[in-house]
Amino acid sequence: VSVINTTTNAVDATISVGTNPDGIAFDSANNRMYVANAVANTVSVINTTTNAVDATISVGDGPRAIAFDSANNRMYVTNSLTTTVSVINTTTNAVDATISLTSSPQGIAFDSANNRMYVANLVGDTVSVIDTSDNTVTATITVGDGPLGVAFDSANNRMYVTNYSAGTVSVI
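**Concerning unusual backbone geometry**
One non-glycine residue with positive phi stands out, namely Asn73, at about 50 degrees. The backbone of Asp125 shows a phi angle near 55 degrees, a positive value even though the residue is not glycine.

Okay, structure coming up:
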């Protein structure tokens, strides 16, 4: 992981984590960065004050993307090969729950206004909606071919999903 100083636009540090780091998300409450290591099947927890790895957490196979639920102090990690989402308690750095999905989860984004995670399922051409209050899947939405990335527009209360194979973006 490269740490870039945004004032100088220079690399301040390089941090070794697990094999094939992919997704990354910041826990602003605890000043920690969480990194999904796709081949190692782990999440590295980086202390952003010291730039040291404080913990390594085992998750499902093929972790890809991570999103932070600041209201509940939890990280949600998509595991593309086990078709699950691991829920990490950021206070204890332990997996509190594992949510089963139906196909290869990839991107994930948090809707903070409604306390929901939206997960792009690449193979099934769907997006799963997870209620973060009880970690249940409350809806499955059909989108374009090959959904991969997800982003939340809080100003307009919309989720944007990139459809890799279709060359389109679905707006939810």
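**Section: the pattern of salt bridges**
Across all of its chains, the model carries one salt bridge by this definition. Where Arg64 meets Asp22, a salt bridge forms, and the shortest distance between an N and an O atom there is 3.2 Å. You can see Arg64 sitting in strand β7 (residues 63–69) and its partner Asp22 sitting in strand β3 (residues 21–27), a full 42 residues away along the chain. Arg64 sits in the partly exposed class, given a relative accessible area of 31%.

**As for a nonpolar patch on the surface**
Where nonpolar side chains cluster on the molecular surface, the patch consists of Tyr160, Val169 and Val171 and spans about 260 Å² of accessible area. Note that Tyr160 resides in strand β16 (residues 158–163).

**Focus on the environment of Asp27**
Relative to the helices and strands, Asp27 is located in strand β3. We classify Asp27 as buried; its relative accessible area is 0%. Once the C-alpha coordinates of Asp27 and Phe68 are considered, the two residues, 41 residues apart in sequence, prove to be 6.5 Å apart. Apart from residues no more than four positions distant in its own chain, Asp27 is found in contact with Arg32, Tyr34, Phe68, Met75 and Thr90. Polar side-chain contacts of Asp27 include one of 2.8 Å to the side chain of Asn30.

**Comments concerning the sheet that holds β16**
Either a parallel or an antiparallel arrangement is found when strands of a sheet pair, and the pairing is made through backbone hydrogen bonds. Taken in spatial order, the three strands line up as β15-β16-β17 in an open sheet, and their pairing is antiparallel. The open sheet has two edge strands with one neighbour each: β15 (147–153) and β17 (168–171). Shown here is a sheet whose adjacent strand axes are inclined to one another by a mean of 25 degrees, direction ignored. By the bridge criterion, five bridges tie β15 to β16 in an arrangement that is antiparallel. Bridge pairing links Val150 to Val161 in β16.

Here is what the cut-offs are and how they apply
Residues numbered from 1 in each chain as written. Predicted model: local features only at pLDDT ≥ 70, side-chain atom pairs only at ≥ 80, totals over all residues. Heavy atoms only, no water. Salt bridge = Lys/Arg side-chain N within 4 Å of Asp/Glu carboxyl O. Helix = DSSP H or I, 4+ residues; strand = E, 2+ residues; numbered from the N terminus. Buried < 20%, exposed > 50% of the residue type's maximum accessible area, 1.4 Å probe, protein only. Patch = residues over 30% accessible without salt bridge, like charges linked within 9 Å, V, L, I, M, F, W, Y side chains within 5 Å. Areas by Shrake-Rupley, 256 points an atom, 1.4 Å probe, with all protein chains shown as cover. Contact = heavy atoms within 4.5 Å. Polar contact = N/O pair within 3.5 Å; in protein donor to acceptor, adjacent residues only side chain to side chain. Pairing = 2+ DSSP bridges. Axes fitted to C-alpha atoms, helices over the stretch in contact; angles between N-to-C directions.

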